[in-house]
Each structure stands twice: as structure tokens, then as C-alpha cells.
Amino acid sequence: MIARTLFGADPFRNIRRLQDEVSRLEFPAVNAFVNQDGVIITAELPGVRSEDLDILIHRDSVTLSGERQTEADDARRAYHRRERRQGRFARTVSLPFVVDPNKVGADLLNGLLTLDLPRAEEDKPKRIHVKASKEAGHG
Amino acid sequence: MAKREAPGAGTKGSKQSQATPASEPELEGKLPAEQDAGERTHEKLVFVPRVDIYETETGLVVVADLPGVGPEGLEVTVEQRVLSIYGRVKEDTPEGYSQAYREYDVGDFERQFTLSGDFDINGIEANMKDGVLHLAIPRAPEAAAKRIEVRSVS
């Protein structure tokens, strides 16, 4: 807010615009949430039916591909507005760690995809207990 | 681009849009709602849903992308020829997780259209599927009979 009153505009606006420009090239946009046991990825896929969505998991990457519904007699229609995107899409997202493909949960509800990707057991960090040595006392 | 700016940084007039061809929106990504003079009761992002609007023999069809909006979170109202669509979206950070990466922001969807012409408000059919709203807006019967379509060439 202070920056805006000083400069009249957001000074980081151009940088953010550039970032948006880059990420806009890829569909779908994804959000990722992590904890030590896994990662959850969400994506907005309005109009994509679950049978039209393909999810491929390979080690530490996930590929989403599919098709946004197209309606039959499009060409003959008199459109006032046409803003919705259509057609095929494919996107690969890198994950912060290897996931267990057998435990992945995928949920597509109201055009919102939620992918629950648990971290593979063998990829989880192992805690090493350091035993305090009693012999090295102060004697 | 996706963030809705704080109100007060400038005001814009009515954001109602005529159901007529307009400039093409950006190719991808979510469309941020324009700033308006109204102040909201709570801080929440609002986006303009992408729509297709087309004519049929009996009326207009409005198709709107509302990802994350369930039938219970949707409000469609018509008042004084202004058709309003409002879709509520839940915050998406799952419990026990922290955000690692964000490409899109989460917020409600809102858009208004002024219906130009005689429509049968009571005959509007709304259908929500896979996060896409289909609204069939029939023309009023007498208007359909008398209507003469005049189209500009441009």
C-alpha cells in the first residue's frame, strides 16, 4: 500500500506480469501444497470429465493430459462471446520428491482436480539417532 | 495479474457488460475482476469467469467456467434485466499442508450481463456440471414471433 502511494503504481507489477506471461502458456495452472509425507496438487479443469483426463505418474513427475469438452455444432453458432478455451492439453509438473504411484489419490470435483501424492517410503528422510557416549565423561 | 487490488485505489463505473461482441480477453489464465466502487464485507479475491454466449433459435445460451463451484455455492439472479452469476469457491490449502507453489489464485467468481431484448426470465434453465454453468435463457414468446434480426456486417 505504501509503495502504491509513493510510486503511484505497484513497482513489481511488470515483473509479475512477465511471470504471468510465462505461466500462462501452460495449461492447466497448478498449485502445490506439501508436508513431510507428500504433496497435494490442485488444478482448475472446468468442463473436463474424469474419463477425458489422463494422469501419469513417473517417479517425481506427474503429467496431466486430456481434452476440454467441445460442443458439437460449434461452427454454425452465432457467438456473442467466446472466451472459454477448448482442445487438448498436456502438462508435466515436477514434484519435490519421488511419490508412490500406488497410493496416489485423484479427485475431480466441480472442475477442480485434487491430486494427493504421498511420498515414497524409500524416499523419506531417515532419522539417525546419535547415541551419547558415556565413556567420554569429564573423568 | 490475478490479485484483486484493494478498493479505493481508483474507481471504475459499472462493470455490467452488454451481451454483444467485445474485445478478446487474454488467451490463458484467470481473468481478474475489475475494480469497482463497492466495498466487500470480507477480503476475498474475485474473478470474472470466462464465458461463451451464443444464440439459439429460442434464445441465448450462456456457458461459464466456474471451477470449484458446486451447485450449492452458485447464485444466479436476474434483476432489472441484469443477469448476475456468483459462484463461491472454498479456500484450497489442505489442512496440515503448506503452500509450496502457486500458479493460480483462488477466489469467488462474479459476472453480470445486461440482457438486451425481451427474455422470459421465468423460463431460464440453469445446469451445473464439472464446474461449468449452462444457462439457457429463452426469449419471451411474443418477442420471438415479432423479432426481426438485423445484423451489422462488421
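Structure: see above.
Predicted model only: the values in this text are computed from it and were never measured. (Residues numbered from 1 in each chain as written. Chains lettered and ligands numbered in written order. Predicted model: local features only at pLDDT ≥ 70, side-chain atom pairs only at ≥ 80, totals over all residues.)

Novice: Tell me about the overall build of chain B, and name the residues and values.
Specialist: Each helix and strand counted, chain B has one helix and eleven strands in total. Secondary structure elements in chain B, listed N-terminal to C-terminal, are β-β-β-β-β-β-β-β-β-β-β-α. Considering only contacts within chain B whose residues lie at least 6 apart along the sequence, 59% involve residues at least 24 apart. (Helix = DSSP H or I, 4+ residues; strand = E, 2+ residues; numbered from the N terminus. Contact = placed C-beta atoms within 7 Å.)

Novice: Go over unusual backbone geometry with me, naming the residues and quoting the values.
Specialist: If you check the backbone angles, Arg59(A) has positive phi at about 50 degrees while not being a glycine. Considering the arrangement of structural elements, one finds Arg59(A) in the loop between strand S3 (53–58) and strand S4 (61–68). With 13 C-beta atoms packed within 10 Å, Arg59(A) lands in the partly exposed category. Although it is not a glycine, Gln80(B) sits at a positive phi angle of roughly 50 degrees. Residue placement: Gln80(B) occurs in the loop between strand S6 (74–79) and strand S7 (82–87). (Buried ≥ 20, exposed ≤ 12 C-beta atoms within 10 Å, placed from the backbone.)

Novice: I'd love a proper account of the pairing of strand S8 (residues 112–118) of chain A, names of residues and values included.
Specialist: Residue and element names in this part refer to chain A. Bridging between strand S2 (residues 38–44) and S8 involves seven bridges; their strand directions are antiparallel. The partner of Ile40 across the bridge, within S8, is Asp116. Looking at chain direction, strand S7 (residues 105–109) and S8 are connected through five bridges and run antiparallel. Across the sheet, residue Asp107 finds its bridge partner in S8, namely Thr114. In this antiparallel pair of consecutive strands, S7 and S8, the connection spans two residues, and Asn110 shows a positive phi of 55 degrees. (Pairing = 2+ DSSP bridges.)

Worth remembering: the numbers are spatial, not functional.
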